[in-house]
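One-letter residues, chain by chain:
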Amino acid sequence: DAGVDGASGGEAKIRRRSGYLSAAKRSILGVFARVFLPKGYPESVSEDYISYQFWDTVQALCSYLRGILTTKAWFEGVGVGNDQATASAATIQWILKDGCGMAGGLVFASAYGQTFDSNVKSWRFFADGINNVGLLLDMLAPFAGENFLYVVCIATVCKAMCGVAAGATKAGLTSHFALKHNQADVQAKESSQETFVTLLGLVLGSWLARYVNHSYLVSWIWFLVLTVVHMLSNYMGLRSLRFKTLNHERFSILCADWNAKNRMSSVMEIAWREPLIGPLLHSIFNKPRILVGVEWTECVRTKSEYSWLRGIYNKEERYLLNYRDGVVVVVLLEGAKSRDIFAAYYQAVTLLRMRAKTDIKSVVEASYRVSKERFPEFCVAAETVEW
């Protein structure tokens, strides 16, 4: 009996110790969740939140560490350690490069600010890509000799463009993640995560700065390795995003699949299929292919053209669509609702895929017939897979 009581007592101690460890673990996880995760996680955010934040943390840490390497290169370029260098000369160069960055950011925002909302993934990809260019130029600047100032000014402009694009797309990402109207909480926890990355970067960066000291080769090896990891993390993070809203690229893929294969692609499929670079290049170098909500005169210019369009569209349609100068233009009529805009865009995408087959009038008529026939089923199928 004494042996049994001893064994029972030992088991009780083990259970108590296990209970203490479980309680401590829950306490630590609870503190972690309160500091870094939005309240109500995971129900309060979208299902792709944690995967994106993981990859975003990795790429942010890589950027911070590379920033330490480029700062070291910049100080070497302005002559730190050189008896002939002066503090005033370094200060002037710092002011000039910062001024170029501010001016570049203003010009960039005014030129492309209206396209950030519709192509969040592409512009986020651009932000990190152009930041990589800026950091690379910073690393090369010490080798530029008399052109050092020009190189660092261009690098600063690149990084300013990154700041504008990343800041603008962050608003779209926050709205996407916040399911319970908790945008402020999501943004606050994003700031907490960035602070943690900065603190971790300070620790690792202090070691890295000492490790690469006086060795250009080691600095470049670390810079290139961190850049590769950064690019892969950025790509994986963007591919993990599953937007359920439709922009032109996602809508075009859905329409192509529906018209060709009579199937509706899921949100997950489109997340991996939608292009990242194509929409960006089109935004920069080409005019929009579809304009919805234009002025009446941009869509209809003559009475005969109005009569022709009215002969195509049913009287209950709340929009008129025309194809002019390589652009599909849609004028919304009184009483137009979101479904009418959706229908107009479906016809516009269909028209763009048919436009090379026949003349303008025929393609407008044909795209409308296809839209009337296929659009109702398209809507039902889209709702089924949660678009």
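The structure we're discussing is the one just above.
### Describing the pairing of strand S3 (residues 327-332)
The buried fraction of S3 is high, at 5 of 6 residues. With 6 bridges joining them, strand S2 (residues 319-324) and S3 adopt antiparallel strand pairing. Among the inter-strand pairings, Leu 321 is bridged to a residue of S3, identified as Val 330. Counting the residues in the hairpin turn of S2 and S3 gives 2 residues, including Asp 325, whose phi is positive at 55 degrees.

### Examining unusual backbone geometry
Note that the residue after Tyr 41, namely Pro 42, is joined by a cis bond; omega there is 5 degrees. Mapped onto the secondary structure, Pro 42 falls in the loop between helix H1 (2-36) and helix H2 (49-78). Residue Asp 325 is not a glycine yet carries a positive backbone phi of 55 degrees. Examined against the element boundaries, Asp 325 turns out to sit in the loop between S2 and S3. Phi at Glu 386 is positive, roughly 70 degrees, even though this residue is not glycine. Note on placement: Glu 386 falls in the segment after helix H14 (360-384).

### Looking at the pairing of S2
Burial runs high along S2: 6 of the 6 residues are buried. With burial as the criterion, each face of S2 is covered, one bearing Tyr 319, Leu 321 and Tyr 323 and the other bearing Leu 320, Asn 322 and Arg 324.

### A look at the pattern of salt bridges
Summed over the entire model, instances satisfying the criterion amount to 16 salt bridges. Of the charged contacts, one joins Arg 289 and Glu 249 as a salt bridge, the two residues approaching to 3.1 Å between their closest N and O atoms. Taken together, the residues span a long stretch of sequence, with Arg 289 in the loop between helix H10 (278-285) and strand S1 (290-292) and Glu 249 in helix H8 (residues 248-261) at a distance of 40 residues. You can call Arg 289 partly exposed: its relative accessible area is 30%. Glu 249 gets classed as buried once you look at its relative accessible area, which sits at 15%. Note that Arg 273 and Asp 257 form a salt bridge whose closest N and O atoms lie 2.7 Å from each other. Highlighted residues: Arg 273 in helix H9 (residues 267-273) and Asp 257 in helix H8, separated in sequence by 16 residues. Take Asp 257: its relative accessible area is 4%, and that puts it in the buried class.

### Some thoughts on the packing of aromatic side chains
In the structure shown here, the tally under the stated rule is 29 aromatic pairs. Both rings, one in Tyr 41 and one in Tyr 49, keep their centres 6.3 Å apart while their planes meet at 55 degrees; by these two values the pair is tilted. Taking the relative accessible area as the measure of exposure, Tyr 49 reaches 1% and is therefore buried. Between Tyr 313 and Tyr 319, the aromatic rings sit 5.5 Å apart at their centres with planes inclined by 70 degrees, giving edge-to-face as the arrangement. There is no split in this pair, since Tyr 313 and Tyr 319 are both buried. Clustering of aromatic rings is evident, with ring pairs tying together Phe 251, Trp 258, Phe 342, Tyr 345, Tyr 346, Phe 375 and Phe 378. For Lys 72, the ring lying beneath its charged end belongs to Tyr 216, and the centroid distance is 6.0 Å.

### Topic: the packing of H8 against H14
Closest axis-to-axis distance for the H8/H14 pair is 11 Å, and the angle between their directions is 110 degrees. In terms of axis orientation, H8 runs roughly perpendicular to H14. Within the contact between the two elements, H8 uses Phe 251, Leu 254, Cys 255, Trp 258 and Asn 259 and H14 uses Val 370, Arg 374, Glu 377, Phe 378 and Ala 381. Residue composition of the contact of H8 with H14, by class: 7 nonpolar, 1 polar and 2 charged.

### Concerning empty space enclosed by the protein
Per the stated rule, a full pass over the model turns up 3 cavities of 30 Å³ or more. Lining of the largest cavity is provided by Leu 69, Lys 72, Ala 73, Glu 76, Met 139, Pro 142, Phe 143, Tyr 216, Ser 219 and Trp 220. Those elements giving two or more residues to the lining of the largest cavity turn out to be H2 and helix H7 (216-240). When residues of the lining of the largest cavity are assigned to their parent elements, the largest contribution, 4 residues, is made by H2. By residue class, the composition of the lining of the largest cavity is 7 nonpolar, 1 polar and 2 charged.

### Here we look at the side chain of Arg 242
Within the secondary structure layout, Arg 242 lies in the loop between H7 and H8. Here Glu 47 takes part through its side chain, which lies 3.5 Å from a polar atom of the side chain of Arg 242. Residue contacts for Arg 242: discarding those within four places in its chain leaves Glu 47, Asp 48, His 176, Val 267, Met 268 and Ala 271.

Criteria and thresholds
- Residues numbered from 1 in each chain as written.
- Predicted model: local features only at pLDDT ≥ 70, side-chain atom pairs only at ≥ 80, totals over all residues.
- Heavy atoms only, no water.
- Buried < 20%, exposed > 50% of the residue type's maximum accessible area, 1.4 Å probe, protein only.
- Helix = DSSP H or I, 4+ residues; strand = E, 2+ residues; numbered from the N terminus.
- Pairing = 2+ DSSP bridges.
- Salt bridge = Lys/Arg side-chain N within 4 Å of Asp/Glu carboxyl O.
- Phe/Tyr/Trp six-rings, centres within 6.5 Å; stacked < 30°, edge-to-face > 60°.
- Lys NZ or Arg CZ within 6 Å of the ring centre and 35° of its normal.
- Axes fitted to C-alpha atoms, helices over the stretch in contact; angles between N-to-C directions.
- Parallel < 35°, antiparallel > 145°, perpendicular 65-115°, else oblique.
- Contact = heavy atoms within 4.5 Å.
- Nonpolar A, V, L, I, M, F, W, Y, C, P; charged D, E, K, R; others polar.
- 1 Å grid on protein atoms, 1.4 Å probe; cavity = no way out; pocket = protein on both sides within 12 Å on 5 of 7 lines; lining within 4 Å.
- Points joined across faces, edges and corners; volume = space filled by probe spheres on them.
- Polar contact = N/O pair within 3.5 Å; in protein donor to acceptor, adjacent residues only side chain to side chain.

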